[in-house]
Amino acid sequence: MFYSFWQRSQLVFLLLVISQLALAESAIIPQPKNAHWGTDSWSIPKESEICFSSGAESSVRWLQKLIAPLTNGVSTEGLACKKASWVLQLDSALKSLGEEGYRLSVSGKGVVLSSSTNTGLFYAIQTLRQLLPAELELSQPFKNGVLPYVEIEDAPLYSWRGSMLDVARSFYSVAYVKQHIDRMALFKLNRLHLHLTDDQGWRIEIKAYPNLTRHGGAGAVTGGSAGFYTQEDYKEIQRYASDRKIIVIPEVDMPGHIYAALASQPELNCENFTNITVRKATPPQLYPGTEVKWNSLCIEKDEVKAFATTVLQELAAMTQGPWIHIGGDEAELVNYDKFVSSLAEKVYKFGKTPVGWQEILNANIKARTIGQIWTHDPVNSSNPQILSYCDRFYFDHSNTPAEALPNDWCKKGGVSLEDTYGFTFKGGPNNIGIEAAVWTEWANNTDQMDDRLWPRLAASAEVSWTSESRRDVVDFHSRLAPFGKRFDLMGIHFYETPTVQWIRAKRSMNANSVFLDR
Ligand code: TNX
């Protein structure tokens, strides 16, 4: 057959559009362990019925929320129901997939999600969410839902898939943290580390020391926001996170990075403020600058020991999860090791496991204590480690050289999407996962925070979930492209990484998510 030039180019265009559509359907991040795509697709019936195992009620509620905009109504019944268009199965035979693994099947009969846990079902629902139109994030009625036939079996590579927000330099509200939690859940991230204290601000209410938040909470970096979480706020954040299978790790950074506390509680200082080596501010003055490594607690004082005990005790009492982060970075002090090991011991005494920046691995700490690695300085330790290498996972660094943010001490030109995605695990079995950090000396509002987080956090999620053999940067770019539309509808001010051919929508003025619960 003979085609004219115009016919041929129209055909090519049509094929391109079709391949884009097919791509949009199969764009899952993080890439599942196993996926077999069929050629057909299933049209979601207007009258839908969810059948479920007893014990899966919480997962039923998520699924109902997700598909409600596509249906006239969703009824729920136990597992014995007849026209099961949606099945949620708790199946102990799937224990081999681990605590977070799941199966997802879409066929002519409908959708079956199964796992040995509700966490696995929650992740199956997130995969389903990505297979459905991005418009669902608006929770408005949507016509003609279809799902491609597929069989997925999935489980994560690493158990620690984290995001750290520095809410100390610039404060972020409970509302923003909740939005962030919803966005983390979309990518199956499961650890939210809150850096709650630093030189510029103290963000968590400690009842025994109300001035920490009254005075220290009023500080912020120049251009940033002040504020703090009450213990009730913090519990609310944890409850919201735990519903979405995310554990919150609170950090109170000691003995350095502590000026906000020094400004609020003068007794934590040495005589003549010799603990403030280069005088950037004098208590009770607050510090809005960005320099580091200039102050510490006066660690030999009884008042300081009592302070550390009380703060860690209150923090442990309000924390649901098993971990407390004690900081420990950038403090060059005589007796640093002794002080840090005493902090770790207190955390154990209050029933939690301590986490600290890699410097604590040199102190005398128990083998279970977790170190968070942020530089390439050699670490001689067999303790469990979270990898946060600054040249891969410090998202306070710019997205591209053109963005040129002031924090470039670790990597000139910034940390590109490809730097993050290209990370490969090396080292021992003591690596428990990855955490990407956003420091906020220059991320002062939610738009800037979004810009630093997205899309790099999606790359970090895939690196911690998907085995290296299933990762491919070209494929990642093409799976990421349709997320542009989802990010827009969710109201995420993401960085438009030039290496990705973003598919876009009109950006929503408000933060949305099908699972957002204000
Ligand atoms: C180092 S990493 C810090 C932070 C800064 C960050 C800026 C670490 C444990 N400490 O206090 O905000 O660099 O990139």
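The structure displayed is predicted, hence computed values, not measured ones.

Contacts to the ligand come from Arg169, His257, Asp329, Glu330, Trp357, Trp374, Tyr394, Asp396, Asn407, Trp409, Trp439 and Glu441. A distance of 2.9 Å separates an oxygen atom of the ligand from a polar atom in the side chain of Arg169. Relative to its unbound accessible area of 360 Å², the ligand is 97% covered by the protein chains.

What follows concerns the packing of aromatic side chains. Tallied over the entire structure, the rule returns 30 aromatic pairs. For the ring pair Phe187 and Phe483, a centre distance of 5.4 Å and an interplane angle of 40 degrees mean the geometry is tilted. A residue pair is termed long-range when its members are at least 10 positions apart, and Phe187 in the loop between α4 (174–186) and β9 (191–195) and Phe483 in helix α15 (residues 483–490) qualify at 296 residues. Taking 5.3 Å as the distance between ring centres and 55 degrees as the angle between the ring planes, the aromatic pair formed by Phe487 and Phe494 counts as tilted. Across this residue pair, the class does not change: Phe487 and Phe494 are buried. One residue, Lys188, lies across the ring of Trp465, its end atom 5.6 Å from the ring centre.

Let us now look at unusual backbone geometry. Following Pro283, the chain continues into Pro284 via a peptide bond in cis, with omega recorded as 5 degrees. Mapped onto the elements of the fold, Pro284 is located in the loop between α7 (259–264) and α8 (302–318). One non-glycine residue with positive phi stands out, namely His257, at about 50 degrees. For Lys293, which is not a glycine, the phi torsion comes out positive at approximately 65 degrees. With respect to the helices and strands, Lys293 occurs in the loop between α7 and α8.

Take the pattern of salt bridges next. In the structure shown here, the tally under the stated rule is 26 salt bridges. The closest approach of N and O atoms between Asp488 and Arg507, which form a salt bridge, is 3.3 Å. Linking Asp488 in helix α15 with Arg507 in the segment after α15, this pair joins segments that are 19 residues apart in sequence. The residue Glu496 makes a salt bridge to Arg504 at a minimum N-O spacing of 3.1 Å. For Arg504, a relative accessible area of 36% gives the class partly exposed.

The next subject is the state of the cysteines. Evaluated as defined, the whole model comprises 2 disulfides. Here Cys270 is linked by a disulfide to Cys298, with a sulfur-sulfur distance of 2.0 Å. Residues Cys270 and Cys298 share a disulfide whose torsion about the S-S bond is about 105 degrees; that sign makes it right-handed. Here the residue Cys270 occupies a position in the loop between α7 and α8, and Cys298 occupies one in the loop between α7 and α8, the gap between them amounting to 28 residues. Pair check on accessibility: Cys270 and Cys298 agree, each one buried. What pairs with Cys390 in a disulfide is Cys410, and their sulfur atoms sit 2.1 Å apart.

For the rest of this paragraph, the subject is the side chain of Arg161. On the secondary structure map, Arg161 appears in strand β8 (residues 160–166). One polar contact links the side chain of Arg161 to the main-chain carbonyl oxygen of Tyr158, over a distance of 2.8 Å. The contact partners of Arg161, leaving out residues within four places of it in the chain, are Glu100, Tyr123, Pro156, Lys188, Leu189, Asn190, Arg191, Ile434, Ser464 and Trp465.

So, about the nonpolar core. By size, the foremost hydrophobic cluster in this structure holds 100 residues, and its most contacted members are Phe187, Trp202, Met254, Leu297 and Phe307. The residues contacting Met254, other than those within four sequence positions of it, are Leu297, Phe307, Ala308, Leu312, Ile326, Gly327, Gly328, Phe339 and Leu343. Ile67, Val111, Ala124 and Ile152 belong to the second-largest nonpolar core, a separate cluster that totals 36 residues.

Attention shifts here to the sheet that holds strand β12 (residues 353–357). The strand order around the closed barrel formed by 8 strands is β8-β9-β10-β11-β12-β13-β14-β15, and the pairing between neighbours is parallel. Here the strands of the sheet are splayed against their neighbours by 30 degrees on average, with no regard to which way each runs. Against the sheet, α4 contacts β8 and β9, and its axis sits at roughly 150 degrees relative to β9.

Reading across from one edge, β1-β7-β5-β6-β4-β2-β3 is the order of the 7 strands in this open sheet, with mixed pairing throughout. Lying at the two open borders of the sheet, with one neighbouring strand each, are β1 (34–43) and β3 (73–78). Along the sheet, successive strands turn relative to each other by an average axial angle of 20 degrees, direction set aside. Of the pairings in the sheet, the one linking strand β5 (residues 102–107) to strand β6 (residues 110–115) comprises 5 bridges and is antiparallel in character. Bridge pairing in β6 links Leu104 to Leu113. Most of the contacts of helix α2 (residues 57–67) go to strand β2 (residues 47–52), to which it runs at about 160 degrees, and overall it touches β2, β3 and β4 (86–90).

Chain-level statistics for the protein give a pLDDT mean of 94 and a share of 95% at 70 or above. Low pLDDT, under 50, characterises residues 12–25; the stretch is placed with 6 contacts to residues that sit more than four places away or in other chains.

For helix α14 (residues 473–480), the complete set of buried residues consists of Phe476, His477, Arg479 and Leu480. Seen from one end, α14 has its buried residues packed into an arc of 165 degrees, which puts them on one side. N-cap assignment for α14: the residue whose side-chain oxygen lies 3.3 Å from the backbone N of Val474 is Asp472.

Reading guide: rules and limits
Residues numbered from 1 in each chain as written. Predicted model: local features only at pLDDT ≥ 70, side-chain atom pairs only at ≥ 80, totals over all residues. Heavy atoms only, no water. Near = heavy atom within 4 Å. Polar contact = N/O pair within 3.5 Å; in protein donor to acceptor, adjacent residues only side chain to side chain. Areas by Shrake-Rupley, 256 points an atom, 1.4 Å probe, with all protein chains shown as cover. Phe/Tyr/Trp six-rings, centres within 6.5 Å; stacked < 30°, edge-to-face > 60°. Helix = DSSP H or I, 4+ residues; strand = E, 2+ residues; numbered from the N terminus. Buried < 20%, exposed > 50% of the residue type's maximum accessible area, 1.4 Å probe, protein only. Lys NZ or Arg CZ within 6 Å of the ring centre and 35° of its normal. Salt bridge = Lys/Arg side-chain N within 4 Å of Asp/Glu carboxyl O. Disulfide = S-S within 2.5 Å. Contact = heavy atoms within 4.5 Å. Core = buried A, V, L, I, M, F, W, Y, C linked by side-chain atoms within 4.5 Å. Pairing = 2+ DSSP bridges. Axes fitted to C-alpha atoms, helices over the stretch in contact; angles between N-to-C directions. pLDDT = per-residue confidence, 0-100. Arc of directions from axis to C-beta.

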